[in-house]
Amino acid sequence: MKEKKVMENTIGSFEALEKKVSDISEMMELCEILEPGSDELNSSVKSIEDDFAKLKTDIENLRLTTLLTGKYDHNGAILSIHAGTGGIDAQDWAEMLLRMYTRFCDSKGYQVKLIDIERDTEGGIKTATISVDGENAYGYLRNEKGVHRLVRISPYNAQNKRQTSFAKIDVMPEIEGDTDIEIDPNDLRIDTYRASGAGGQHVNKTESAVRITHIPTGVVVTCQNERSQIQNREVAMNVLKSRLLEMKEAQQKEDLKELKGEDMLNAWGSQIRSYVFQPYTLVKDHRTGAETSDVTSVMDGNIEFFINEKLKQKDQKND
């Protein structure tokens, strides 16, 4: 059903583009009978130019969706953020990235759900995991996997010195329905504890949070954002299946980087993208060379430019 919906949406987008082309053609024919130099002609020409620019953007966006050919690209995504080298600045940076990705997902119409978060008493977050529900969410977010580097004047430094911080992003496809991943209950260690974050009296005063350890692989997943232990356990199991599936896919490929990504250190020299706030403003993706000086816009979630450039790079390699 999901594949059918994706195909229907693609066909609908193509038909909408055809309608726009037809409308522009009709406007151009109308311009031929209008009086040269008239206000009506000038207004019509301006409208055609605006519509044509929008049409080019829509065509390019549709073309980019055709590059999402991975097995799970049309699925939702599970995105995790881990603070790296940089102390409290890195934890603050991790929280800034959580905000950035949440805003990006909101702009795409995706539903974002907080699965787990570990805050620090001084500030920021140590780790956070969200699920992103929406068509092509994994296809767009998968290339965000890697180390992200921040350079700024530290708000936590009394001498106002420039600080470099790191945070690592992990992205997995959200697995729904039947999969070939079978989990033996005897391979699981399930612990419950009190949730530490916001969530109301019930959440914080009962052992509703769940931690599941898959003993054979050592994979650990947690969920504490749901109101009941049963709900948290269900969400945690879905995350565990996604992680085990990712590991299985990686093992079946000669090039482990294709799905798993490089095993990068969460520190200097491993970054895929740098965000420089001081002494100048620049966000640069080191894989594609794409860059912008509008740091504020990027931190507000406008990262589609970088995502699209990475997709185009993939397309060029396939040519």
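Note that the coordinates shown come from a computational prediction; the quantities given were computed from them, not determined experimentally.

Asker: Teacher, can you tell me more about the overall build of the protein here?
Answerer: Helix and strand content of the protein: 8 helices and 11 strands. The 319 residues of the protein split such that 42% are buried. Put simply, of all contacts in the protein between residues at least 6 apart along the chain, 62% involve residues at least 24 apart. Carbon and sulfur atoms provide 48% of the accessible area of the protein, an area that totals close to 17700 Å².

Asker: Honestly, the pairing of strand β5 (residues 162–173) in this entry has me stumped. Any pointers?
Answerer: Within a regular strand, side chains alternate between the sheet's two faces. Pairing geometry for strand β1 (residues 77–83) and β5, over 7 bridges, is antiparallel. By the bridge assignment, H82 is partnered in β5 with K168.

Asker: Is there a simple way to think about the nonpolar core in this case?
Answerer: Considering soluble globular proteins, one finds that nonpolar side chains tend to be buried as a cluster. In terms of nonpolar packing, the biggest core is built from 59 residues, with L97, Y101, L141, L240 and Y275 touching the most fellow members. Other than its neighbours up to four places away in sequence, Y101 contacts L79, I81, L141, E144, H148, I169, R273 and I303. L34, L41, I48 and L62 belong to the second largest nonpolar core, which has 8 residues in total.

Asker: Is there a simple way to explain the packing of aromatic side chains in this structure?
Answerer: Geometrically, a pair of aromatic rings is defined through the distance of the ring centres and the angle of the planes. Under the criterion given, the structure shown has 2 aromatic pairs. Between W93 and Y275 the ring centres are 4.9 Å apart and the planes differ by 65 degrees, which places this aromatic pair in the edge-to-face class. Taken together, the residues span a long stretch of sequence, with W93 in helix α3 (residues 87–107) and Y275 in strand β9 (residues 271–276) at a distance of 182 residues. Residue W93 shares its accessibility class with Y275, and that shared class is buried. Over the face of the ring belonging to Y140 we find K108, whose NZ or CZ atom lies 4.2 Å from the ring centre.

Asker: Just to check I follow, could you spell out the sheet that holds strand β7 (residues 209–214) for this structure?
Answerer: Each strand in a sheet pairs with its neighbour through backbone hydrogen bonds, running either in the same direction (parallel) or in the opposite one (antiparallel). If you walk across this open sheet you meet the 3 strands as β6-β7-β8, and the pairing is antiparallel. Where the open sheet ends on each side, the last strands, each with one partner, are β6 (188–193) and β8 (219–223). For this sheet, the mean angle separating the axes of adjacent strands, direction not counted, is 15 degrees. With 5 bridges joining them, β7 and β8 adopt antiparallel strand pairing. Directly across from T213, in β8, lies its bridge partner V220.

Asker: Where do I start with the side chain of H214 in this structure?
Answerer: Structurally, H214 can be placed in strand β7. Look at H214 and you get buried, because its relative accessible area is 8%. Among the polar contacts listed, one links the side chain of H214 to the side chain of T217, at a separation of 2.8 Å.

Definitions and limits used
Residues numbered from 1 in each chain as written. Predicted model: local features only at pLDDT ≥ 70, side-chain atom pairs only at ≥ 80, totals over all residues. Heavy atoms only, no water. Helix = DSSP H or I, 4+ residues; strand = E, 2+ residues; numbered from the N terminus. Buried < 20%, exposed > 50% of the residue type's maximum accessible area, 1.4 Å probe, protein only. Contact = heavy atoms within 4.5 Å. Areas by Shrake-Rupley, 256 points an atom, 1.4 Å probe, with all protein chains shown as cover. Pairing = 2+ DSSP bridges. Core = buried A, V, L, I, M, F, W, Y, C linked by side-chain atoms within 4.5 Å. Phe/Tyr/Trp six-rings, centres within 6.5 Å; stacked < 30°, edge-to-face > 60°. Lys NZ or Arg CZ within 6 Å of the ring centre and 35° of its normal. Axes fitted to C-alpha atoms, helices over the stretch in contact; angles between N-to-C directions. Polar contact = N/O pair within 3.5 Å; in protein donor to acceptor, adjacent residues only side chain to side chain.

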